[in-house]
Amino acid sequence: MDARNLFDTRTTSRLLRLEWSVALGVSVAAALAHLSEIRWWLFVSLFLVIDLIGYIPGAIAYRRSPGGRIGRGYYVAYNLMHSLVTWAVFAGVWSWLVGAEWALLALPIHLMGDRAVFGNTLKPFGVSFEPSTHPDFDTFQQTFRQTSQRAYDEKERDAVRV
C-alpha cells in the first residue's frame, strides 16, 4: 500500500492485478501483431526457463518436504527468475549483443501473466512457497477490517454532526 505498510488489501490487490493485466494485454497484442517475426524456439525457451529454474525445483522440494519447509535458495531462485529487473537487464543485454527481437515478449507475457492471472509476485522467506494464507496475516486482516470499519463509522458520524 505504501512504503510503511507493506501489505495489500483485497481491493488494492485487484487493482494491481488489473494494471498487470493491461501490461499483459499490451505484450500479447504486440506478439500477435508480429507473429511471423517471432523466433518461436527462442520465445518458448524464454517463456519456460523462468519456471524451469525459478519455480519447478522449489515446487518439487515443497511437495517432498514434510510440512512444506524448504531452503531459502528456492525462494531466491524463484525471485531472481520472476524479477522484472532480471529480465529487463537480460533483454537489454540481448538486444545490445544480438539485436532486439519480438521473441523477447515471452518475458513480460510470462511475468505479467503470473501477476495478473495468478496473483503471484515475489516470494518472501516467511511465507509458504505455495500460496496459502499465513495465520498471522489472516489475524492481521481480520483486525484491520474491524478497525477500518470502526474508523469509517466514526468519520461518518462526525460528518453527520457537522
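If you're wondering where the values come from, they're calculated on a predicted model, not measured in any experiment. As a convention, each chain's residues are numbered from 1 in the sequence order in which they are written. In view of the model being predicted, local features appear only for residues whose pLDDT reaches at least 70, and side-chain atom pairs are presented and counted only at 80 or more, with totals across whole chains, interfaces and linings using the full set of residues. Side-chain numbers here rest on the full set of heavy atoms in the structure, without hydrogens or water.

*Asks:* Help me understand the overall build of the protein chain in this model?
*Replies:* Helix and strand definitions follow DSSP, with helices as H or I runs of at least four residues and strands as E runs of at least two, each counted in order from the N terminus. Each helix and strand in the protein chain was counted, giving seven helices and zero strands. Going from N to C terminus, the protein chain has its helices and strands arranged as α-α-α-α-α-α-α. Put simply, the radius of gyration uses C-alpha atoms, and a globule should come to 2.2 Å times the residue count raised to 0.38. The C-alpha atoms of the protein chain give 20 Å as radius of gyration, which overshoots the globular expectation for 162 residues (15 Å, by more than 25%). Each principal axis of the C-alpha atoms in the protein chain carries an extent, and together these give about 65 × 45 × 20 Å.

*Asks:* Before we go on, may I ask you to explain the packing of helix H2 (residues 40-54) against helix H6 (residues 106-118) in this structure?
*Replies:* Pairs of packed helices are described in terms of their axes, by the angle between the two and the distance that separates them. Direction vectors running N to C along H2 and H6 enclose 40°, while the axes themselves pass 8 Å from each other. The angle between H2 and H6 falls in the class oblique. Seen along the crossing, H2 lies across H6 with a hand that is right-handed. Every residue of H6 that contacts H2 at Phe43, Leu46, Phe47, Ile50 and Asp51 is listed here: Ala106, Leu107, Ile109, His110, Leu111 and Asp114. For the contact of H2 with H6, the residue count by class is eight nonpolar, one polar and two charged. Note on geometry: axes are lines fitted to C-alpha atoms, helical ones only across the stretch in contact, with angles between N-to-C directions running from 0 to 180 degrees. Throughout, the term roughly parallel applies to angles under 35 degrees, roughly antiparallel to angles over 145, roughly perpendicular to angles from 65 to 115, and oblique to all others. Take the far helix as the reference: if the near one is turned anticlockwise from it by less than a right angle, the crossing is left-handed, and if turned clockwise, right-handed. Whether two residues are in contact is decided by their heavy atoms: any pair within 4.5 Å suffices. When residues are sorted by character, Ala, Val, Leu, Ile, Met, Phe, Trp, Tyr, Cys and Pro go into the nonpolar class, Asp, Glu, Lys and Arg into the charged class, and all the rest, Gly among them, into the polar class.

*Asks:* Is there a simple way to think about the nonpolar core in this case?
*Replies:* Among buried residues, the Ala, Val, Leu, Ile, Met, Phe, Trp, Tyr and Cys ones that are joined through side-chain atoms within 4.5 Å form a nonpolar core. To sort residues, take the accessible area from a 1.4 Å probe on protein chains only and compare it with the maximum for the residue type: under 20% means buried, over 50% means exposed, and anything in between is partly exposed. Of all hydrophobic cores here, the largest spans 19 residues; its most connected members are Phe43, Leu46, Ile50, Trp87, Leu107 and Ile109. For this core, the element with the most residues is H6, which contributes six residues. Excluding residues that lie within four positions of it along the chain, Leu107 makes contacts with Leu46, Ile50, Trp87, Phe90 and Ala91.

*Asks:* Can you help me understand helix H3 (residues 56-64) in this one?
*Replies:* Residue pairs three or four apart in sequence face the same way in an α-helix, which turns once every 3.6 residues. Restricting attention to buried positions, one finds in H3 the residues Gly58, Ala59 and Ala61. Viewed end-on, H3 has its buried residues packed into an arc of 165°, placing them on one side of the element. In H3, those exposed residues whose orientation departs by more than 90 degrees from the buried face are Arg63 and Arg64. On the buried face of H3, the contacting elements are helix H4 (72-81). The arc in question is the one traced by the directions running from the helix axis out to the C-beta atoms.

*Asks:* Explain the layout of surface pockets to me, please; I cannot follow it from the model alone.
*Replies:* Estimated volume of the largest pocket: approximately 1300 Å³. Taken together, 32 residues form the lining of the largest pocket, with Asp8, Ser13, Gly119, Phe137 and Gln141 sitting closest to its centre. For the lining of the largest pocket, the secondary structure elements donating two or more residues are helix H1 (10-33) and helix H7 (135-161). Its residues assigned to classes, the lining of the largest pocket shows 12 nonpolar, 12 polar and eight charged. Two kinds of site are reported from a 1 Å grid over the protein atoms alone, namely cavities, where a 1.4 Å probe fits but cannot get out, and pockets, open sets with protein on both sides within 12 Å along at least five of seven lines, and residues are called lining when an atom falls within 4 Å of a point. Grid points are joined across faces, edges and corners, and a volume is the space filled by probe spheres set on the points. The computed volume of the second largest pocket comes to approximately 270 Å³.

*Asks:* It is not clear to me how the side chain of Ser83 should be interpreted in this structure. Could you clarify?
*Replies:* Considering the arrangement of structural elements, one finds Ser83 in the loop between H4 and helix H5 (84-97). Look past the residues within four positions of Ser83 in its chain and what remains in contact with it is Leu111 and Leu122.

*Asks:* Would you take a moment to explain the packing of aromatic side chains for this structure?
*Replies:* By convention here, two paired aromatic rings are described through the distance between centres and the angle between planes. Planes of paired rings set the category: under 30 degrees apart is stacked, over 60 is edge-to-face and the rest tilted, where pairs are Phe, Tyr or Trp rings (Trp by its six-membered ring) whose centres lie within 6.5 Å. Enumeration according to the criterion identifies nine aromatic pairs in this entry. Three or more aromatic residues link up through ring pairs in this structure, and these residues are Tyr55, Tyr75, Tyr78, Phe125 and Phe129. Above the ring of Tyr78, the side-chain terminus of Lys123 is found at 4.6 Å from the ring centroid. Any Lys NZ or Arg CZ found within 6 Å of a ring centre and within 35 degrees of that ring's normal is scored as a charge over the ring.

*Asks:* Whenever I open this one, the pattern of salt bridges confuses me. Can you help?
*Replies:* Side-chain pairs of opposite charge can arise where the charged atoms are in close proximity. What makes a salt bridge here is a side-chain nitrogen of Lys or Arg within 4 Å of a carboxyl oxygen of Asp or Glu, nothing more. One pass over the structure, following the stated rule, counts two salt bridges. Arg39 is the partner of Glu101 in a salt bridge, and the nearest nitrogen-oxygen pair spans 2.7 Å. You can see Glu101 sitting in the loop between H5 and H6 and its partner Arg39 sitting in the loop between H1 and H2, a full 62 residues away along the chain. Classification of Arg39 as partly exposed rests on a relative accessible area of 34%. The closest approach of N and O atoms between Arg63 and Glu130, which form a salt bridge, is 3.0 Å. Here Arg63 is found in helix H3, whereas its partner Glu130 is found in the loop between H6 and H7, with 67 residues between them in sequence.

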